[in-house]
Amino acid sequence: HGKILTQKTCYCSVACQSEDWNAHRHMCKPSTLDTLTRDLRKSDITKGMEFQVSVVEMLSPGRFFVHVESPELIDALKAITVELQKSNGSMLRTEYKPDTGEVCAIKYSLDQNWYRGVVQSVAADERSANILYIDFGNEEDVTLDRIKPLAASIEPIPPCAMECTVAGITPVTDCWMGECCIAVRQLVAGKSLKLTVVDTDKNGRTYAVDILLASIGKQLSTFLMDHGYAVSEVVNTKPTEVEIDSLVSASLENFRSQSRGKNENIEAQPPDPLTQGLGDTFAAMVTHLQSPYDIICQKLDNASVIQELQLKLREHGSQTPASENFRPAPGTVCCSLFSEDNQWYRAKVLGYSSEEKVCVGYIDFGNSEEVELSRLRPINNELLALPTQAIPCALAGVRPTAEDWSEEIVMMLKRMVCNRFLRVEILGQREGMALVALIDESSDPQGNVAELLVAAGYALSANSPDKDNATKGQTEGASTEFAHGCHPVPLPSLGTELLWTCAELPTNGQMMSLVVSVIEHPGEFYCYKCNQEDLQVLVDLGDELRHHCETDMTPCIPSVGEPCCALFSGDGAWYRGVVQSVHPDGNARVYFVDYGNTNEVEQANLRAITPRLLEHHFLAIRCWLSGVEPLGPQWGTESISRFQALCVGQQLLGRVLSITERGYGLELESGGQDVAVTLLSEQLAKATGQSPAQAKPAPTVRKTLQQQPIQNSTQRGITTLGTFPLKWKTMELPRNETFQPTIAAVVSPSLFYVLNPIQVNVERLQNVMMDLGVYCTINYSPSHCKPMPGAACCAQFSGDKNWYRAVVLGTTETEASVLYADYGNSEKLPFASILPIPTEFLQLPFQITRCALKGTEHFPSVWPVEVLEVFRAMLCDGVLASVQAFDGHSNLLSVSLHMERGGGSLNSMILEVLQSTQACNAQTLVPRQEPAKSPVLTTVPDKTSDNSLVAEQDEATTATAPVTGMSVNVLLCPVEGNVTQHNGKSGI
């Protein structure tokens with residue numbers, strides 16, 4: 001039975017929800033109503049009250065959560081937490097279907113404990129819900145089997161986390177900027193603050209407040225306004241024409257009064273615009289967007305010309321000194337140093353806002369800003385020769401659903417068109433703008449942006465009966481306003497239309513795991529989402545591309561904006577790419593879409609791409625670090641090196657704070673450190689909008705889930721933060737000595753783990769275990785990261801709750817399968833029981849060693865399931881092995897069966913089974929490398945390999961590694977039960 005829309009049904013039990021209601025309702029004894037937010041007791045907090053608080057969740061100045069520092073709140077929170085565990089600990093794992101607004105008991109994903117949470121929304125498929133933990137302020141999506149009705153024994157006290165907003169101000173833009181949120185988090189993190197309640201909403205759930213920042217002696221609202229993040233909350237009225245004329249006149253008068261006798265730059269008039277013709281079609285990228293009626297794009301055919309212009313501007317700007325005599329007149333063109341990246345661009349002077357500040361518009365990109373007069377330089381005739389590259393456009397065929405375009409629609413449109421290659425079709429003109437259709441050829445099917453806006457209800461069709469006069473006759477007279485333009489050269493037809501998509505990041509404020517692939521500087525880098533599917537796609541694509549490009553030698557004529565297969569000179573492997581520019585000799589500059597780097601590629605090393613190779617979205621995502629900018633005109637070598645050290649080879653946590661033409665503005669965390677805060681604290685960057693003279697070192701705050709800041713461990717010189725490294729040292733075993741390996745875990749013939757047959761240095765291992773336990777206890781903070789298979793970590797053994805060194809075998813959404821690196825047994829653990837490991841704990845090699853069968857050059861990237869089953873079955877009954885080589889990553893073994901099992905080489909048998917399987921599948925796979933700037937990926941375990949081989953065997957479970965020539969002292973190890981004896985030797 002379902003829930004009635006007009007009245008809430010009260011069920012007698014959770015199981016009752018799954019019954020046939022028509023039959024069950026006659027015997028159903030209704031329970032009390034589910035607890036809704038309004039059913040909780042209202043807080044007695046009123047206007048004018050003051051408290052000492054700590055911020056527990058800061059989303060933005062417009063929404064954050066605090067805990068009042070009082071013994072009563074701490075006692076209440078403890079009592080609720082204890083009662084929640086007691087009342088839900090023994091409940092059956094039955095799926096409960098909550099209502100929106102209902103307060104429930106929720107099982108938190110990180111520590112698996114129960115907390116109060118309000119259901120903010122339920123997914124359309126009714127399998128998950130979005131939860132706000134009302135006593136702490138954080139949110140997450142949870143499956144319904146982790147939601148239970150709130151027990152009657154739980155006191156309906158008000159939420160322990162006060163939801164607040166800073167009173168009396170609004171953001172300068174339509175939403176709080178990411179840089180602003182980072183700055184506020186730095187000011188309030190880990191501090192006891194004085195909060196004043198200014199007002200409350202009518203429900204008494206949200207409080208308008210102000211906070212005294214004792215460290216700077218200002219209220220938070222004052223700080224936000226002083227730094228240009230916010231303005232006083234007033235009713236905005238649209239200026240009249242008289243007011244606009246008055247402002248323009250004042251600006252001109254200000255210019256005239258200050259410009260007598262100075263260089264007014266009158267000779268530097270704007271260059272001619274690019275000319276296009278009605279019906280022209282070209283590939284383009286949107287560089288600026290204000291609304292569907294105000295779009296700026298650049299032709300991709302001109303990418304190389306624009307790049308050459310930027311190099312000349314950089315050289316000219318750096319060689320031309322600032323002059324107090326230079327005061328360019330409005331309407332003239334000069335060189336301007338853009339505030340976001342400190343690079344030189346051509347700019348038109350729009351007007352003077354003060355004696356020393358001027359508004360400029362960047363004529364090749366369409367955006368504008370206010371800059372100091374000292375950031376302008378005269379321009380020469382050579383730099384004015386190139387036509388204006390910004391093409392002003394308006395989206396044809398649509399009109400707003402209201403009087404004007406809302407910010408929500410503008411943000412939606414930015415997500416649809418920014419950072420994408422689009423096909424632009426010119427349909428007409430209006431007020432000097434091209435009326436265009438924008439076609440997203442990467443979507444499947446191809447998407448007309450205007451049609452998508454109308455279909456989604458964000459816009460009305462311009463052809464609807466009540467369309468306004470501004471949209472009538474959009475195409476009239478268009479041919480007389482445009483000159484004939486150029487058309488891009490099409491890619492040779494493959495018989496099937498090419499469609500592709502690009503990866504996107506969620507913009508709902510949630511943290512996600514990311515891996516950086518290419519770094520130019522903190523203002524431009526490329527990353528991809530860290531998940532098993534995308535990592536497997538990278539492996540599969542390499543093999544398919546190699547096979548396709550080596551068998552299909554059809555020549556490819558590159559076309560700007562079109563996808564292709566390109567040979568990367570760094571490793572001689574084939575990758576997916578998009579042509580950025582084409583040189584006269586036919587060679588092309590190619591953007592490698594799965595990694596983010598670009599390279600010059602000869603035409604002979606290009607191949608036409610097939611639709612099958614475009615089925616998976618392009619993986620590289622262009623990003624920039626929010627909240628910081630370089631100390632000088634551009635990022636210095638030291639800053640870039642530090643940023644690389646924080647990001648390269650690490651699994652990062654990221655949150656999208658904004659979306660611009662430069663990509664996603666991210667807040668990044670590396671090993672518990674906020675990357676932007678680290679650069680600021682080490683004086684390698686300055687906060688956005690701050691002058692170099694104002695830049696001061698800020699305290700580095702380590703972000704944790706506890707209420708109090710955690711101090712780094714200093715025992716035995718542990719000074720580095722933990723990571724989940726893929727490159728950990730494995731012991732090189734003696735060559736050509738036959739031994740019977742103790743198999744710890746099997747991923748595939750390309751990767752399995754063997755316990756080291758050489759004696760253990762017991763004393764060193766004991767010291768490492770002791771230090772590791774102390775470190776993890778002091779620095780414990782449940783990790784949001786999902787470690788990659790093969791990564792080293794610290795793992796808390798479920799048997800004794802002690803911490804040990806481990807290697808990740810595989811992961812699911814909620815847990816990881818780990819192999820204890822010094823003992824050989826394995827188990828599955830929640831992510832809360834796994835921590836990053838500092839490099840100090842990796843100096844002593846693990847007692848497990850990475851191994852592979854010799855002959856890896858013949859092995860596929862992905863092993864067929866049938867072959868994996870045969871390999872595991874053969875290893876189960878024991879084998880003999882000898883090390884033939886060490887490739888720097890693994891010991892390469894020659895493995896044979898015991899004579900009583902018929903003998904024979906396991907290496908040969910596996911290859912025969914593989915060849916037989918491949919013959920059936922008609923496909924051969926071989927490993928490959930990635931472009932030089934991308935991280936080298938280790939073999940990705942098959943999903944079937946989460947459980948290690950030895951986890952199913954009694955002998956292996958006790959982790960008894962044979963030790964040559966000595967009896968080994970018993971250590972505390974992650975194995976339940978007593979230490980057993982094998983062959984007269986003790987097991988560790």
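Reading the values: the criteria
Throughout this description, residue numbers start from 1 for each chain and increase along the sequence as written. Since the coordinates come from a predicted model, pLDDT governs what is reported: local features require at least 70, and pairs of side-chain atoms require 80 or more to be given and counted, while whole-chain, interface and lining totals use all residues. The basis for every side-chain value is the complete set of heavy atoms in the structure, and neither hydrogens nor water enter the calculation. Secondary structure elements are defined from DSSP: runs of H or I of at least 4 residues count as helices, runs of E of at least 2 residues count as strands, and each element is numbered from the N terminus. Using a 1.4 Å probe on the protein chains alone, a residue whose accessible area is under 20% of its type maximum counts as buried, one over 50% counts as exposed, and one in between counts as partly exposed. Any pair of residues with heavy atoms lying within 4.5 Å of one another is described as a contacting pair. All accessible areas in this document rest on Shrake-Rupley with a 1.4 Å probe, and a residue is counted as covered only by the protein chains that are shown. An expected span of 1.5 Å times one less than the residue number is assigned to each helix. To obtain the arc, one takes the directions from the helix axis to the C-beta atoms. Residues belong to a common nonpolar core when they are buried Ala, Val, Leu, Ile, Met, Phe, Trp, Tyr or Cys residues joined through side-chain atoms within 4.5 Å. Only when DSSP finds a minimum of two bridges between them are two strands counted as paired. Note on geometry: axes are lines fitted to C-alpha atoms, helical ones only across the stretch in contact, with angles between N-to-C directions running from 0 to 180 degrees. Here, a salt bridge means any Lys or Arg side-chain nitrogen found within 4 Å of an Asp or Glu carboxyl oxygen. Classification of ring pairs uses Phe, Tyr and Trp, with its six-membered ring standing for Trp, and accepts pairs whose centres are within 6.5 Å; under 30 degrees between planes counts as stacked, over 60 as edge-to-face, and the remaining range as tilted. Two thresholds decide whether a charge sits over a ring: the Lys NZ or Arg CZ must be within 6 Å of the ring centre and within 35 degrees of the ring normal. Defined by distance alone, a disulfide is two cysteine sulfur atoms within 2.5 Å. Note that patches include only residues with greater than 30% relative accessible area and no salt bridge, and the join distances are 9 Å for like charges and 5 Å for nonpolar side chains (Val, Leu, Ile, Met, Phe, Trp, Tyr). Positive charges come from Lys and Arg alone, negative charges from Asp and Glu alone, with His and the N- and C-terminal ends not counted. Every charge is mapped onto a representative atom, which is NZ of Lys, CZ of Arg, CG of Asp or CD of Glu. Per-residue confidence from the predictor is given as pLDDT, running between 0 and 100. Polar contacts here mean pairs of N or O atoms no more than 3.5 Å apart (in protein, one a potential hydrogen donor and the other a potential acceptor; neighbouring residues in sequence count only if both atoms are side-chain atoms).

**Some thoughts on the overall build of the chain**
- When helices and strands are tallied, the chain shows 17 helices and 51 strands.
- Residue burial in the chain is summarised as follows: out of 988 residues, 50% are buried.
- Across the chain, every contact between residues at least 6 apart in sequence was considered, and the portion connecting residues at least 24 apart equals 68%.
- Entry remark: accessible area of the chain is about 45400 Å², with carbon and sulfur atoms responsible for 51%.

**Observations concerning helix α6 (residues 303–319)**
- For α6, which comprises 17 residues, the first-to-last C-alpha distance of 25 Å matches the rise-based estimate of 24 Å (1.5 Å per residue) to within 8%.
- Of the positions making up α6, those classed as buried are Ile306, Leu309, Gln310, Leu313, His316 and Gly317. With its buried residues spanning 135° around the axis, α6 presents them on a single face. Those residues of α6 that are exposed and aimed more than 90 degrees away from the buried face are Leu311, Ser318 and Gln319.
- Where α6 is buried, its residues meet β15 (294–299), β16 (333–337), β17 (344–352), β20 (376–377) and α7 (381–384).

**Re the nonpolar core**
- Leu606, Tyr753, Val818, Tyr820, Phe846 and Ile848 are the most contacted members of the largest nonpolar core, which has 64 residues in total.
- Setting aside its immediate chain neighbours within four residues, Leu606 contacts Cys556, Pro558, Cys564, Cys565, Ala566, Trp574, Ala588, Val590 and Val601.
- Formed by 31 residues, the second largest nonpolar core is a distinct cluster that contains Val53, Met162, Val166 and Val184.

**A short note on the sheet that holds strand β32 (residues 598–601)**
- Spatially, β32-β31-β30-β29-β33 is the arrangement adopted by the 5 strands of the open sheet, whose pairing is antiparallel. Edge positions in the open sheet fall to β32 and β33 (606–607), since each of these has one partner strand only.
- Looking at chain direction, strand β31 (residues 588–592) and β32 are connected through 4 bridges and run antiparallel. Following the sheet pairing, Tyr591 is matched in β32 by Thr598.
- Sheet contacts for helix α11 (residues 532–551): β29 (563–568), β30 (573–582) and β33; angle to β30, the most-contacted strand, approximately 75°.

**Description of the pairing of strand β24 (residues 433–440)**
- When you tally the buried positions in β24, you get 8 out of 8 residues, the bulk of the element.
- Burial of the side chains of β24 extends over both faces: Met433, Leu435, Ala437 and Ile439 are buried on one face and Ala434, Val436, Leu438 and Asp440 on the other.
- Pairing analysis gives 3 bridges linking strand β21 (residues 391–395) to β24, with the strands arranged parallel. Bridge pairing in β24 places Cys393 opposite Ala434.
- Here strand β23 (residues 422–430) runs beside β24; their pairing, made up of 7 bridges, is antiparallel. Pairing of Arg423 across the sheet is with Ile439, part of β24.
- Connecting the antiparallel pair β23 and β24 is a turn made up of 2 residues, with Glu431 showing a positive phi of about 50°.
- Note: β24 against strand β25 (residues 447–448), 2 bridges, orientation antiparallel. By the bridge assignment, Ile439 is partnered in β25 with Asn448.

**So, the pattern of salt bridges**
- Under the defined criterion, the tally for this structure stands at 22 salt bridges.
- A salt bridge links Lys194 to Glu50; the shortest N-O distance between them is 3.4 Å. Note that Lys194 is positioned in strand β10 (residues 193–200) and Glu50 in strand β1 (residues 50–60), a separation of 144 residues in sequence.
- Lys194 gets classed as partly exposed once you look at its relative accessible area, which sits at 35%.
- The exposure class of Glu50 is partly exposed, given its relative accessible area of 48%.
- A salt bridge links Glu425 to Arg423, with the nearest nitrogen and oxygen atoms 2.8 Å apart.

**Notes on the packing of aromatic side chains**
- Applying the stated criterion across every chain yields a total of 24 aromatic pairs.
- Between Tyr293 and Trp405 the ring centres are 5.5 Å apart and the planes differ by 90°, which places this aromatic pair in the edge-to-face class. Taken together, the residues Tyr293 in the loop between β14 (281–291) and β15 and Trp405 in the loop between β22 (398–399) and α8 (407–417) connect sequence positions 112 residues apart.
- On the basis of relative accessibility, which here comes to 9%, the residue Trp405 falls in the buried class.
- Taken together, the aromatic side chains of Tyr108, Tyr115, Tyr133 and Phe136 make up a single cluster linked through ring pairs.
- Above the plane of the ring of Phe282 lies Lys299, whose end atom (NZ or CZ) is 5.2 Å from the centre.
- The residue whose ring lies beneath Arg850 is Trp728, and the NZ or CZ to ring-centre distance is 4.0 Å.

**Some words on the sheet that holds strand β5 (residues 128–132)**
- What the 5 strands build is an open sheet, ordered β6-β5-β4-β3-β7; its pairing is antiparallel. Since the sheet does not close on itself, it has two edges, and those belong to β6 (139–143) and β7 (147–149), each with one partner. On average, each strand axis in the sheet is inclined to that of its neighbour by 50°, with strand direction left out of account.
- Bridge count for strand β4 (residues 114–122) against β5 is 4 bridges, and the pairing is antiparallel. Counterpart to Val122 in the pairing with β5 is Ala129.

**With respect to the environment of Leu751**
- Looking at the secondary structure, you find Leu751 in strand β41 (residues 751–755).
- Contact partners of Leu751, with chain neighbours within four places excluded, come to Val746, Arg850, Cys851 and Ala852.

**Some remarks on the pairing of strand β28 (residues 524–529)**
- Two elements, strand β27 (residues 512–521) and β28, share 6 bridges in a ladder whose sense is antiparallel. Considered in β28, the bridge of Val515 is made with Tyr528.
- One ladder, built from 3 bridges, connects β28 with strand β34 (residues 621–625); its direction is antiparallel. Residue pairing across strands places Phe525 opposite Cys623, the latter belonging to β34.

**Quick notes on unusual backbone geometry**
- Residues other than glycine seldom take positive phi values, yet Asn342 does so here, at roughly 55°.
- Along the chain, the position of Asn342 falls in the loop between β16 and β17.
- Assessed through its relative accessible area of 8%, Asn342 is described here as buried.
- One non-glycine residue, Gln683, lies in the positive phi region at around 55°.
- Along the polypeptide, Gln683 turns up in the loop between α13 (675–681) and β39 (686–687).
- Owing to a relative accessible area of 46%, Gln683 belongs among the partly exposed residues under this scheme.

**Structural notes on the state of the cysteines**
- Within the structure shown, the criterion is met by 0 disulfides.
- Cysteine Cys334 remains unbridged, with the sulfur of Cys335 as its closest cysteine sulfur at 6.8 Å.
- Take Cys334: its relative accessible area is 0%, and that puts it in the buried class.
- In this structure Cys623 is not part of a disulfide, and its nearest cysteine sulfur, from Cys527, lies 3.5 Å away.

**Remarks on a negative patch on the surface**
- The grouping of Glu324, Glu355, Glu356 and Glu372 at the surface amounts to a negative patch.
- Of note, Glu372 is situated in strand β19 (residues 368–372).
- What makes Glu372 partly exposed here is its relative accessible area of 44%.

**Section: the confidence of the model for the chain**
- Across the chain, the average pLDDT comes to 76, with 77% of residues at 70 or higher.
- Of all secondary-structure elements in the chain, the lowest mean pLDDT belongs to strand β51 (residues 985–986), at 28, while β16 reaches the highest, 94.
- Low confidence marks residues 693–719, where pLDDT is under 50. Its contacts with residues over four positions away, or in another chain, come to 66 contacts.

**Structural notes on the side chain of Gln796**
- If you trace the backbone, Gln796 turns up in strand β42 (residues 792–796).
- Within polar-contact distance, the side chain of Gln796 engages the backbone oxygen of Lys801 at 3.1 Å.

**Structural notes on helix α15 (residues 865–876)**
- Spanning 12 residues, α15 covers 17 Å between terminal C-alpha atoms, matching the ideal 16 Å at 1.5 Å per step.
- A positive backbone phi angle near 90° is found at Gly878, which sits one or two residues after α15.

**Brief notes about the side chain of Asn302**
- Tracing the chain through its elements places Asn302 in the loop between β15 and α6.
- The buried category is assigned to Asn302, whose relative accessible area is 16%.
- The residues touching Asn302, leaving out its near neighbours within four places in the chain, are Leu274 and Gln389.

**Focus: the environment of Met411**
- As for its placement among the helices and strands, Met411 is situated in helix α8.
- The class for Met411 is partly exposed, based on a relative accessible area of 35%.

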